[in-house]
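Examination of the molecular architecture
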Amino acid sequence: IVVGFVAGHEVKHFALALQKQPKNAMILEGLGYVERRQGRLNKAIASLKEVLEIDPRASQTVFNLGETYALVRNYEEAERCYSRALFLNPDYPRAYAWKSRLYLDWYGDTTKAGQVLEEAAKAVGSKEDNLVSYQSILVEIYDSRYQDALNRLSSSSFEAYQDQFYYVPKTQLV
């Protein structure tokens, strides 16, 4: 389910749908995403966990649950979710990027963050990914390896690094 602009009545619509199909994972997943967008993070966590009770192999849901845990700074659960998402889908670059970011946010650990990015390179291959590239630049900056970060920026094909949570133009990092 793709959830776009949130106007305010979506939760009511999802509640109506759940009355008809209370164990529909797609409806619960959509509800969780809307709740997260509305800042109701604990409710989003509950909805996404309920999805995983129905479909424990839903790697995208596991990943999104990890993102939500990271937003509430429950880093231990976020780490568990990212690891599980990567177990279920080992070639998903976004999960590597966010797991790397987790180690920067949680411990300030550039070594651990860098190890995750090395795992990403092995799993995903040579295909450049926007978020993995951005996290690699951040690790280099945090490690005071400014020339490495500049070299990576100049060789990158991306003009900006973006996710649903941020937009960073390349020029802002130079």
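Above this note sits the structure.
Presented here is a report on the structure given in the accompanying data block. (Residues numbered from 1 in each chain as written. Predicted model: local features only at pLDDT ≥ 70, side-chain atom pairs only at ≥ 80, totals over all residues. Heavy atoms only, no water.)

**As for the pairing of strand β1 (residues 160-163)**
Relative to strand β2 (residues 166-169), β1 runs antiparallel, the two sharing four bridges. Paired with A160 across the two strands is P169, which belongs to β2. The antiparallel pairing of β1 with β2 creates a hairpin that spans two residues between the two strands. (Pairing = 2+ DSSP bridges. Helix = DSSP H or I, 4+ residues; strand = E, 2+ residues; numbered from the N terminus.)

**Here we look at the packing of aromatic side chains**
With the rule as written, the count across this model stands at nine aromatic pairs. Centroid distance Y75 to W106: 6.0 Å. Interplanar angle 35°. Geometry classified as tilted. Linking Y75 in helix α5 (residues 75-88) with W106 in helix α6 (residues 93-106), this pair joins segments that are 31 residues apart in sequence. Residue class for Y75 comes out buried when judged on its relative accessible area of 15%. Judged by relative accessible area, which is 25%, W106 ranks as partly exposed. Connected via pairs of aromatic rings, a cluster forms that spans W98, Y134, F158, Y161, F165 and Y166. (Phe/Tyr/Trp six-rings, centres within 6.5 Å; stacked < 30°, edge-to-face > 60°. Buried < 20%, exposed > 50% of the residue type's maximum accessible area, 1.4 Å probe, protein only.)

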